[in-house]
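Topology and contacts: notes
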Amino acid sequence: MTDLHKLAAVLDEAARTGRAVPRPEQDYGVADAYRVQEELIRLRLERGDRLAGVKLGFTSEGKRRQMGVHDVIFGRVPESSAILDGSYADISGFIHPRVEPEVVYLIGRRIASPGDALAPGAVAAVAAGIEVIDSRYEDFRFSLPDVIADNTSAAGYVVGPWQPYDPSRWNLGVVLEIDGRVVQTGSTGAILGDPRRALAEAVRLALQAGMVLEPGWVLLAGAATPAEPLVPGARVRAEIQHLGSVSFTASVSESASASESASASESASAPGPTTPGASAETPGVSGVQGASERPGTSGEES
Ligand code: OOG
Ligand code: MG
């Protein structure tokens, strides 16, 4: 597609300003969509972000049905999108965030071929996780290429305490709670019929994208249940049988709520729409791991 760079820049800007954009008008294919994603990530890395790992999407029927999309997708997980387990995460910079429970694998060795994925130690550990997804498209609606271009809606992720990886434990109960109320239940067996397939699938899609999986990276295997809307103040908790639990609380920074109410009362004279969290590379600043060393925040807007 000719406007590949433009679409990447538009999606990057949408994520940074927390303002949704319309879906691209022109048709483009999956291969081009992955090129847009690569360019989008290149822009972030250029500002000093780093990759924390990779993710899969639409690995369960529940997610595919919810979003009306029917192929497994692959995305990149930026380090700056990490939210600490048990923390408060500022969600004021998100557009219309949702949360979903994830199985997270810790890559133990460099995986540069499908064979490497079978080697002992390929997976170093496993944990229960929560992913925050936030489509940069209006109304959270997209085609398969659109969502791939938008880095699979990746916006934040939380990882619980790492557990030893026991491949025989693949069919485990999953619960997602909001404010202590169970909102989704499922089984990790819903992930590609067996979550162990997630590694092979991630390796395949990574290789297609010209990447290898690096030791220390996370792999989000894809939600086993549909996602739930995330609202300010919500305490989100996911639990996976034998893997333990993980949680965070959604907060909104005071400056963001102040600017929101200011713009609401001055809407007639306001020069344009509010840009909540526009100064932050990603929302979730209060809970971001290593937030102090997050490069790209300083001077990025100047
Ligand atoms: C795309 C992200 C899908 C998953 O776990 O299935 C995903 C979306 O639903 O907006 O992360
Ligand atoms: Mg996900």
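Everything that follows concerns the structure shown earlier in this document.
Residues numbered from 1 in each chain as written. Chains lettered and ligands numbered in written order. Predicted model: local features only at pLDDT ≥ 70, side-chain atom pairs only at ≥ 80, totals over all residues. Heavy atoms only, no water.

Regarding empty space enclosed by the protein
- Throughout the structure, instances matching the rule amount to three cavities of 30 Å³ or more.
- Space inside the second largest cavity adds up to approximately 110 Å³.
- What lines the second largest cavity is a set of 17 residues, and nearest its centre among them are Phe-58, Lys-63, Glu-100, Ile-133 and Thr-152.
- Contributing elements (two or more residues each) for the lining of the second largest cavity: β1 (51-57), α3 (61-67) and β6 (123-133).
- Considering each element in turn, the lining of the second largest cavity owes the most residues, three residues, to β1.
- Residue composition of the lining of the second largest cavity, grouped by class: nine nonpolar, four polar and four charged. (1 Å grid on protein atoms, 1.4 Å probe; cavity = no way out; pocket = protein on both sides within 12 Å on 5 of 7 lines; lining within 4 Å. Points joined across faces, edges and corners; volume = space filled by probe spheres on them. Helix = DSSP H or I, 4+ residues; strand = E, 2+ residues; numbered from the N terminus. Nonpolar A, V, L, I, M, F, W, Y, C, P; charged D, E, K, R; others polar.)

Remarks on the site of ligand 1
- Lining the immediate environment of ligand 1, one finds 17 residues, of which Phe-58, Lys-63, Glu-100, Ser-153 and Ala-223 sit closest.
- With respect to ligand 1, the side chain of Glu-131 contributes an N or O atom lying 3.0 Å from an oxygen atom.
- A distance of 2.7 Å is found between an oxygen atom of ligand 1 and a side-chain nitrogen or oxygen belonging to Ser-153.
- If ligand 1 stood free it would expose 320 Å²; the protein chains cover 100% of that surface. (Near = heavy atom within 4 Å. Polar contact = N/O pair within 3.5 Å; in protein donor to acceptor, adjacent residues only side chain to side chain. Areas by Shrake-Rupley, 256 points an atom, 1.4 Å probe, with all protein chains shown as cover.)

Re the coordination of the magnesium ion (ligand 2)
- In the first shell of the magnesium ion (ligand 2), the protein supplies Glu-100 (OE), Glu-102 (OE) and Glu-131 (OE), at 2.0 Å from the metal.
- Between consecutive donor residues of the magnesium ion (ligand 2), the sequence gaps follow E-x1-E-x28-E. Grouping residues by exposure puts Glu-100 and Glu-102 together as buried. (Donors = N, O, S within 2.8 Å, 3.2 Å for Na, K, Ca; no water. Buried < 20%, exposed > 50% of the residue type's maximum accessible area, 1.4 Å probe, protein only.)

Everything listed here is a matter of coordinates, which is why it stays silent on function.
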